[in-house]
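Residues per chain are reported as follows:
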Amino acid sequence: MQPATAKWYDRRDSVFVEFCVEDSKDVKVHFNKSKFDFGCLSGTDTIKQKNTVDLFGEIDPKVSKHRRTDRSVLVYLRKAEAGKSWPRLTKDKTKCNWLSVDFNNWKDWEDDSDEDLSSFDKFSEMMNTIGRDDVSDLDGAGEEHESADSDDEQMPDLE
């Protein structure tokens, strides 16, 4: 028996754990408030895999669930206290060699707000506007130009 390789990521009201087991059979997931057990037979060799995870925070075992696909088993853990981020999945700070962070699905939801996005949009717009206005001022270094630049001529029509 060996532990299954897994990736996890955090959301505002839930935590997702994806066990990377191909062709899994007899998948069993048992949820408790502070831990969950995962077990299955995987691959053509029917390797028995089992993981017991003591969780960083508490979950709601009645709402938590799992879904099996041909390539993995995705476990949905509903947080008992929504809005509290989990810096790690496990209660202990020790590194589990079978567990890693799923950076493809990770999202820093704590820093995410509409206010921050609108500020970024305003900043981006301001930088674009400043860029266009300042270019004309830098050409003559404050002098007014009455003569036309060669760049201001009309382009001939394409034949």
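An account of the accompanying structure is given in this report. (Residues numbered from 1 in each chain as written. Predicted model: local features only at pLDDT ≥ 70, side-chain atom pairs only at ≥ 80, totals over all residues. Heavy atoms only, no water.)

So, the overall build of the chain
Along the chain, the regular secondary structure elements total one helix and eight strands. Along the chain, helices (α) and strands (β) appear in the sequence β-β-β-β-β-β-β-β-α when read from the amino end. The buried share of the chain, taken over its 159 residues, is 27%. Taking the contacts inside the chain whose residues are at least 6 apart along the sequence as the reference set, 57% of them involve residues at least 24 apart. (Helix = DSSP H or I, 4+ residues; strand = E, 2+ residues; numbered from the N terminus. Buried < 20%, exposed > 50% of the residue type's maximum accessible area, 1.4 Å probe, protein only. Contact = heavy atoms within 4.5 Å.)

Some thoughts on the sheet that holds strand β2 (residues 14-19)
Sheet architecture is open: five strands sit in the order β6-β7-β2-β1-β8, paired in mixed fashion. The open sheet is flanked by β6 (65-68) and β8 (99-101), the only strands paired with a single partner. Taking the axes of each pair of neighbouring strands and ignoring which way they run, one obtains an average angle of 20° across the sheet. Where strand β1 (residues 6-10) and β8 come together, three bridges link them in parallel fashion. Bridging from a neighbouring strand, A6 pairs with L99 of β8. (Pairing = 2+ DSSP bridges. Axes fitted to C-alpha atoms, helices over the stretch in contact; angles between N-to-C directions.)

So, the environment of F36
Positionally, F36 belongs in strand β4 (residues 35-42). A C-alpha to C-alpha distance of 8.3 Å links F36 and N51, two positions 15 residues apart in sequence.

Some remarks on the nonpolar core
Counting 23 residues, the largest nonpolar core has V17, F19, F36, F38, L77 and L89 as the members making the most contacts within it. Within the residue set of this core, elements represented by two or more residues are β1, β2, β3 (25-31), β4 and β7 (73-78). Look past the residues within four positions of F38 in its chain and what remains in contact with it is A4, F19, V21, V27, K28, V29, Q49, K50, N51 and V73. (Core = buried A, V, L, I, M, F, W, Y, C linked by side-chain atoms within 4.5 Å.)

Remarks on the pattern of salt bridges
This structure, assessed with the given rule, holds four salt bridges. Its salt-bridge partner being E22, residue R71 comes within 3.9 Å of it at the nearest N-O pair. Remark: E22 occurs in the loop between β2 and β3 and R71 occurs in the loop between β6 and β7; sequence separation between them is 49 residues. Judged by its relative accessible area of 61%, R71 is exposed. Since its relative accessible area comes to 47%, E22 is described here as partly exposed. (Salt bridge = Lys/Arg side-chain N within 4 Å of Asp/Glu carboxyl O.)

Considerations on the pairing of β7
With five of six residues buried, β7 lies mostly within the body of the structure. Judged from the six bridges that link them, β2 and β7 form a sheet pairing that is antiparallel. For E18, the partnering residue across the bridge sits in β7 and is L74. Pairing geometry for β6 and β7, over four bridges, is antiparallel.

Thoughts on the packing of aromatic side chains
Tallied over the entire structure, the rule returns six aromatic pairs. The interplanar angle of 0° and the centroid separation of 4.0 Å between the aromatic rings of F19 and F38 together place this pair among those described as stacked. Note that F19 is positioned in strand β2 and F38 in strand β4, a separation of 19 residues in sequence. Put simply, the rings of F19, F31, F36 and F38 pair up and form one aromatic cluster. Above the ring of Y76, the side-chain terminus of K65 is found at 5.8 Å from the ring centroid. (Phe/Tyr/Trp six-rings, centres within 6.5 Å; stacked < 30°, edge-to-face > 60°. Lys NZ or Arg CZ within 6 Å of the ring centre and 35° of its normal.)

Details of the sheet that holds β3
The strand order across the open sheet built from three strands is β3-β4-β5, with neighbouring strands paired in antiparallel fashion. The open sheet has two edge strands, β3 and β5 (47-54), and neither has a second partner. Neighbour-to-neighbour, the strand axes of this sheet turn through a mean angle of 5°, independent of strand direction. Of the pairings in the sheet, the one linking β4 to β5 comprises eight bridges and is antiparallel in character. Residue pairing across strands places S42 opposite I47, the latter belonging to β5.

Nothing here speaks to function; it is geometry throughout.
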